[in-house]
Amino acid sequence: NIVEPDSVSIFTRLSYRYPWGNHAANANITVSEAALENQKILYQVSKNKIQTSYNNANMAVESAKSRVKVTKRLYELTQLTYKKSIKQMDLGKITEYELLVKNNDMINAQKTWIQSLIDKKQAEARLLAAKGILARIYALRTAQTVFDRHRINSLAQNAGLKYFRF
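Now for a quick tour of the structure. From a predicted model like this one, the values you see are computed outputs, not experimental measurements. (Residues numbered from 1 in each chain as written. Predicted model: local features only at pLDDT ≥ 70, side-chain atom pairs only at ≥ 80, totals over all residues. Heavy atoms only, no water.)

Looking at the overall build of the protein chain
Just so we agree on the cut-off: The way it works is that DSSP assigns letters per residue, a run of H or I at least four long becomes a helix, a run of E at least two long becomes a strand, and they are numbered from the N terminus. Three labels apply to residues, based on accessible area from a 1.4 Å probe with only protein chains included: buried if under 20% of the type maximum, exposed if over 50%, partly exposed otherwise in between. Throughout, a contact is declared for two residues whenever any of their heavy atoms are within 4.5 Å. Areas reported here follow the Shrake-Rupley algorithm with a probe of radius 1.4 Å; residue values treat only the protein chains shown as occluding.
On a plain count of helices and strands, the protein chain comes out with 4 helices and 0 strands. Counting helices and strands in the order they occur from the N terminus, the protein chain gives α-α-α-α. Counting only residues that meet the buried cut, the protein chain has 13% of its 166 residues in that class. Nonlocal contacts in the protein chain, meaning residues at least 24 apart in sequence, comprise 66% of its contacts between residues at least 6 apart. Accessible surface, the protein chain: about 14,000 Å² in total, of which carbon and sulfur atoms supply 57%.

Below, the structure written as structure tokens:
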């Protein structure tokens, strides 16, 4: 019968659990220590990558500078050879074909020298990027959209680009 039940009972329970040995807390500490150690390792890996990138870019610049010197000297020598070949042809000691070969050598040496200048500029740009200078100075200039410029400004205002001294 719903209106008048046979018996009325109320049951209440109070429980308290005490963590024996704080196993959950110790587990959380262990997990946190492992995460901290992982972050330290990731930091060191990132630092090594940046240092390697900088060292590689710096070596590429030095190598490009020496290639520019060598190719410029080669170009100067081929110019000198060509000029002397003109005199030799006027004296009848070499043929026109040999003169054309010397001219072709001079043009190839000039192209090689110009390519080495281009490679040097590219290496210098990679070095600037490795140092973070491109991100600091040219980031807003090279951003393609308004959203990208807004994002870069937001990062700069919130110290998001502090590693680039923005």
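Side note on helix α2 (residues 96-131)
The test is simple: Under the convention used throughout, the expected extent of a helix is 1.5 Å for every residue step, that is, one less than its residue count.
With 36 residues, α2 should cover 52 Å at 1.5 Å per step; its first-to-last C-alpha distance of 52 Å lies within 8% of that length. Looking at the packing, one finds that the buried side of α2 touches α1 (23-90). Of the residues trailing α2, Gly-132 is marked for its positive phi of about 90 degrees.

Structural notes on the environment of Thr-78
To keep things clear, this is the line we draw: Within 3.5 Å is the distance limit for a polar contact, defined as a pair of N or O atoms, with the added protein rule that one can donate a hydrogen and the other accept it, and that residues adjacent in sequence qualify only through two side-chain atoms.
Along the chain, Thr-78 falls in helix α1. A residue is classified by how much of its surface remains accessible, and Thr-78, at 13% relative accessible area, is buried. Linking Thr-78 and Asp-105, residues 27 residues apart in sequence, is a C-alpha distance of 6.7 Å. Those residues within four positions of Thr-78 in sequence are excluded, and the remaining contacts are Asp-105, Met-106 and Ala-109. For Thr-78, the side chain forms a polar contact with the main-chain oxygen of Tyr-75, separated by 2.8 Å.

A closer look at the packing of aromatic side chains
Applied cut-off: Any two of the Phe, Tyr and Trp rings considered here, Trp counted by its six-membered ring, make a pair once their centres fall within 6.5 Å; the pair's planes then place it as stacked at under 30 degrees, edge-to-face at over 60, or tilted in between.
As enumerated under the stated definition, the model contains 1 aromatic pair in all. Centroid distance Tyr-75 to Trp-113: 5.6 Å. Interplanar angle 10 degrees. Geometry classified as stacked. Of the two residues, Tyr-75 sits in helix α1 while Trp-113 sits in helix α2, which places them 38 residues apart along the sequence. Owing to a relative accessible area of 13%, Tyr-75 belongs among the buried residues under this scheme.

Quick look at the side chain of Thr-71
Positionally, Thr-71 belongs in helix α1. Polar side-chain contacts of Thr-71 include one of 3.2 Å to the backbone oxygen of Val-68. Beyond its immediate sequence surroundings of up to four residues, Thr-71 is in contact with Ala-109, Thr-112, Trp-113 and Ser-116.

Digging into a nonpolar patch on the surface
Spelled out, the test is: Like-charged residues are merged into a patch within 9 Å and nonpolar side chains (Val, Leu, Ile, Met, Phe, Trp, Tyr) within 5 Å, provided each residue has over 30% relative accessible area and no salt bridge. Salt bridges, as used here, are contacts in which a Lys or Arg side-chain nitrogen is within 4 Å of a carboxyl oxygen on Asp or Glu.
The grouping of Tyr-16, Tyr-18 and Trp-20 at the surface amounts to a nonpolar patch, some 530 Å² of accessible area in total. Along the chain, Tyr-18 turns up in the segment before α1.

Things to note about the pattern of salt bridges
It is possible for side chains bearing opposite charge to pair when their charged atoms get close. Evaluation of the coordinates by the stated rule reveals 4 salt bridges. One salt bridge connects Lys-65 with Glu-62, and the closest N-O pair in it is separated by 3.9 Å. You can see Lys-65 and its partner Glu-62 sitting in helix α1, 3 residues apart, about one turn around the helix. With relative accessibility at 36%, the residue Lys-65 sits in the partly exposed group. Using a relative accessible area of 46% as the deciding quantity, one classes Glu-62 as partly exposed.

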